Amino acid sequence: MQLLDGKLLSENIKAELATEVDLLRQKGGKVPHLVAVLVGENPASQVYVSSKIKSCEQIGFKSTLVQRPAETTEAELLAIVQDLNADPDVDGFIVQLPLPKHIDEEKITLAIDYRKDVDGFHPVNFGRMAQGMPAFLPATPYGIIEMLRRYNIETAGKHCVVLGRSNIVGTPISLLLSRKGYPGDCTVTLTHSRTKDLPAEVRRADIVVAAIGIPEFVKADWVKEGAVVIDVGINRIPDATKKSGSRLVGDVDFEGVAPKCSHITPVPGGVGLMTVTALLMNTLKACRKEIYD
Ligand code: NAD
């Protein structure tokens, strides 16, 4: 079994990005600028956003955190989005989800200029991705694709079973892995909460992508010998042996499943770190106007 090491990989990619930034700077070009908008005090969101900002600093990107209280109105947030859309110094920005209940997430996503949508959530980017056109890919699926590529995981003709059909992970990774080319050319089964006999579906998989948000849900006897397992889940469970009283686990029962796999991502230290790195890759593309003029 080989661990797909998101920590090592993201450090390597970040070193490459830092070199690119140095080159841009030497040529007198613009340094990529990412803005993160955080509304409210969701602890997980605070951790994610600070890790994005820290990563920018680490590689020489400019970054700005726009933080607003949970009482911020939808109109106020829309005004922030419009300002960022119009600001020529901002290459890309994200509005961290989830938003407080009184704000319509769809409205906010649609208000973001798709040319600055480095999270890849806007329907223009999603549609272009689905048609195989250049687009900002959603950060988590982009991170997974990059991980498969850099570990030279064979995908052509493989049967991939995706668990979960969210707009940000399950559905887009299904599309990307079924697309022509590498990594892709998989035969994909997209499963969800209404799937009958999920274990039987997973047993047929050469590649499993688990993105459902239930701790240690995928069990060892569901997984085929030699499968590649990508665990997207980030779940906090109680653990009295830890100082914090809890620990992070994925959607896969790592202890049981790992010995059966050819490759598996750990949680933490797997897909999560690749997600942040993919966001940085998108921001560099935005700055260089690689996708849109
Ligand atoms: P979500 O919460 O929006 O949706 C969950 C999906 O799982 C749904 O499509 C649902 O149909 C499916 N599902 C729920 N129960 C099921 C069951 N019993 N059997 C089969 N399918 C079931 O999903 P999401 O936002 O993609 O998040 C999934 C997990 O991935 C969460 O743990 C989240 O924290 C994590 N996540 C991690 C990253 C990362 O960077 N690693 C990024 C996004 C999400």
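Scope of this entry: the structure provided in the associated data block. Worth saying up front: this structure is predicted, and the values here are computed from it rather than measured.

The rules we used
Residues numbered from 1 in each chain as written. Predicted model: local features only at pLDDT ≥ 70, side-chain atom pairs only at ≥ 80, totals over all residues. Heavy atoms only, no water. Pairing = 2+ DSSP bridges. Helix = DSSP H or I, 4+ residues; strand = E, 2+ residues; numbered from the N terminus. Right-handed = clockwise from strand over helix to strand, strands pointing away. Axes fitted to C-alpha atoms, helices over the stretch in contact; angles between N-to-C directions. Parallel < 35°, antiparallel > 145°, perpendicular 65-115°, else oblique. Contact = heavy atoms within 4.5 Å. Nonpolar A, V, L, I, M, F, W, Y, C, P; charged D, E, K, R; others polar. Expected span 1.5 Å × (residues − 1). Buried < 20%, exposed > 50% of the residue type's maximum accessible area, 1.4 Å probe, protein only. Arc of directions from axis to C-beta. Polar contact = N/O pair within 3.5 Å; in protein donor to acceptor, adjacent residues only side chain to side chain. Phe/Tyr/Trp six-rings, centres within 6.5 Å; stacked < 30°, edge-to-face > 60°. Lys NZ or Arg CZ within 6 Å of the ring centre and 35° of its normal. Near = heavy atom within 4 Å. Areas by Shrake-Rupley, 256 points an atom, 1.4 Å probe, with all protein chains shown as cover. Salt bridge = Lys/Arg side-chain N within 4 Å of Asp/Glu carboxyl O.

Some words on the pairing of strand β3 (residues 62-68)
Inference 1: As judged from the 7 bridges shared by strand β2 (residues 33-39) and β3, these two strands associate in the parallel manner. When the sheet's bridge partners are listed, Leu38 is paired in β3 with Gln67.
Inference 2: Running through helix α2 (residues 43-59), the crossover from β2 to the neighbouring parallel element β3 is right-handed.

Quick notes on the packing of helix α1 (residues 6-26) against α2
Inference 1: Between α1 and α2, the least distance of the axes is 8 Å, while the angle of their chain directions is 55 degrees. Between α1 and α2, the angle falls in the class oblique. Across from Glu11, Lys14, Leu17, Ala18 and Val21 in α1, the residues of α2 making contact are Ser55, Gln58 and Ile59.
Inference 2: Residue composition of the contact of α1 with α2, grouped by class: 4 nonpolar, 2 polar and 2 charged.

Digging into α2
Inference 1: Between its terminal C-alpha atoms α2 stretches 25 Å, which fits the 24 Å expected from 17 residues at 1.5 Å a residue.
Inference 2: Along α2, the residues that are buried comprise Ser45, Val49, Lys52, Ile53, Ser55, Cys56 and Ile59. Projected down its long axis, α2 shows its buried positions confined to an angular sector of 155 degrees, all on one face. Opposite the packed face of α2, turned more than 90 degrees from it, sit the exposed residues Pro43, Val47, Lys54 and Glu57.
Inference 3: For α2, the elements touching its buried residues are α1, β2, β3, β4 (92-95) and α10 (271-287).
Inference 4: In this structure Asn42 caps α2, since a side-chain oxygen of it lies 2.9 Å from the backbone nitrogen of Ala44.
Inference 5: Remark: Gly60 follows α2 within two positions and exhibits a positive phi of approximately 90 degrees.

Points about the packing of aromatic side chains
Inference 1: As enumerated under the stated definition, the model contains 3 aromatic pairs in all.
Inference 2: Arranged with centres 5.0 Å apart and planes meeting at 75 degrees, the rings of Tyr114 and Tyr292 form a pair that is edge-to-face. Placement of Tyr114 in the loop between α4 (105-111) and α5 (123-130) and of Tyr292 in the segment after α10 is noted, with a sequence separation of 178 residues between them.
Inference 3: When its relative accessible area of 11% is taken as the criterion, Tyr292 is described as buried.
Inference 4: Put simply, the rings of Tyr114, Phe136 and Tyr292 touch in pairs and so form one group of aromatic residues.
Inference 5: Over the aromatic face of Tyr114 sits the side chain of Arg115, whose NZ or CZ is 5.7 Å from the ring centroid.

Quick look at the pairing of β2
Inference 1: The element β2 is extensively covered by neighbouring structure, given that 7 of its 7 residues are classed as buried.
Inference 2: Bridge count between β2 and β4: 4 bridges; the pairing is parallel. Across the sheet, residue Ala36 finds its bridge partner in β4, namely Ile94.

What to know about the site of the ligand
Inference 1: The environment of the ligand is formed by 21 residues, the closest being Arg165, Ser166, Val232, Ile234 and Thr275.
Inference 2: One of the side-chain N or O atoms of Ser166 is found 2.6 Å from an oxygen atom in the ligand.
Inference 3: Within the backbone of Val232, one N or O atom sits 3.2 Å away from a nitrogen atom of the ligand.
Inference 4: Surface burial for the ligand is 72%, taken as the share of its 850 Å² of free accessible area covered by protein chains.
Inference 5: Residue classes in the shell around the ligand are distributed as 10 nonpolar, 10 polar and 1 charged.

A look at the pattern of salt bridges
Inference 1: Applying the stated rule across the entire model yields 15 salt bridges.
Inference 2: Among the ionic pairs, Lys62 bridges to Asp89, the shortest N-O distance being 2.6 Å. Placement of the pair is Lys62 in strand β3 and Asp89 in the loop between α3 (74-86) and β4, with a sequence separation of 27 residues.
Inference 3: Through salt bridges with shared partners, a single network forms among Glu16, Glu146, Arg149 and Arg150.

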